[in-house]
Amino acid sequence: MEILREARAQLAELTGMTAESVSSFEQTEEGWSLEVEVLELERVPDTMSLMGSYQVELDPDGQLTGYRRVRRYERGRADARGSGGR
């Protein structure tokens, strides 16, 4: 759990954006791979805020080694991935 908290803090420090949650994580041969949900642009109402999903790579000690945004979406939109539609 400490690795997840530290990854969120490191990503927030690098991007200047709020890392809200970790939606997935797995241990890899190189360390850890996480997907972190980030608040990119706050709007009113909150359901219109823009979110970003970031792939974050960590070394075995939990130090961030790289990240990239893999998608961007409005907070209130349902995730179409895995639903069979495009």
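Analysis parameters
Residues numbered from 1 in each chain as written. Predicted model: local features only at pLDDT ≥ 70, side-chain atom pairs only at ≥ 80, totals over all residues. Heavy atoms only, no water. Core = buried A, V, L, I, M, F, W, Y, C linked by side-chain atoms within 4.5 Å. Buried < 20%, exposed > 50% of the residue type's maximum accessible area, 1.4 Å probe, protein only. Helix = DSSP H or I, 4+ residues; strand = E, 2+ residues; numbered from the N terminus. Contact = heavy atoms within 4.5 Å. Pairing = 2+ DSSP bridges. Salt bridge = Lys/Arg side-chain N within 4 Å of Asp/Glu carboxyl O. Phe/Tyr/Trp six-rings, centres within 6.5 Å; stacked < 30°, edge-to-face > 60°. Polar contact = N/O pair within 3.5 Å; in protein donor to acceptor, adjacent residues only side chain to side chain.

A.B. asks: Looking at this structure, how should I read the nonpolar core?
C.D. replies: Nonpolar side chains in soluble globular proteins tend to end up buried together. In this structure, Leu4, Ala7, Leu11, Ala19, Trp32, Leu34, Val36, Val38, Tyr54, Val56, Leu58 and Leu64 together form the largest nonpolar core, which totals twelve residues. Counting only elements with at least two residues in this core, the list comes to α1 (2-15), β2 (31-41) and β3 (50-58). The greatest single-element share of this core, amounting to four residues, is contributed by β2. If sequence neighbours within four positions are ignored, Leu4 has contacts with Val22, Phe25 and Leu34.

A.B. asks: Would you mind going over the pairing of β2 with me for this structure?
C.D. replies: Within a regular strand, side chains alternate between the sheet's two faces. Among the eleven residues of β2, ten are classified as buried, and the element is accordingly described as predominantly covered. Across nine bridges, strand β1 (residues 18-28) lies against β2 in antiparallel orientation. Within β2, the position partnered with Glu26 by the bridge is Ser33. Where β1 hands over to β2, the hairpin turn is made up of two residues, counted between the paired strands.

A.B. asks: Which parts of the structure should I look at to understand the pattern of salt bridges?
C.D. replies: Opposite charge on two side chains makes pairing possible when the charged atoms of those side chains draw close. Counted by the stated rule, this structure contains six salt bridges. Between Glu20 and Arg75 there is a salt bridge, with the nearest N and O atoms lying 3.0 Å from each other. Placement of the pair is Glu20 in strand β1 and Arg75 in the segment after β4 (64-74), with a sequence separation of 55 residues. Overall, Glu20 belongs to the partly exposed group, its relative accessible area being 30%. The partner of Glu74 in a salt bridge is Arg77, and the shortest N-O contact between them spans 3.0 Å.

A.B. asks: Sorry if this is basic, but what is going on with the packing of aromatic side chains here?
C.D. replies: Two aromatic rings, taken as a pair, are described by how far apart their centres are and by the angle between their planes. Scanning the entire structure with this criterion turns up two aromatic pairs. Centre to centre, the rings of Phe25 and Trp32 are 6.4 Å apart; their planes meet at 45°, and the pair counts as tilted.

A.B. asks: When you look at the side chain of Gln10 in this model, what are you seeing that I'm missing?
C.D. replies: By secondary structure assignment, the location of Gln10 is in helix α1. Given the relative accessible area of 13%, Gln10 is considered buried. A distance of 2.8 Å separates a polar atom in the side chain of Gln10 from the backbone nitrogen of Leu64. Excluding residues that lie within four positions of it along the chain, Gln10 makes contacts with Gly62, Gln63 and Leu64.

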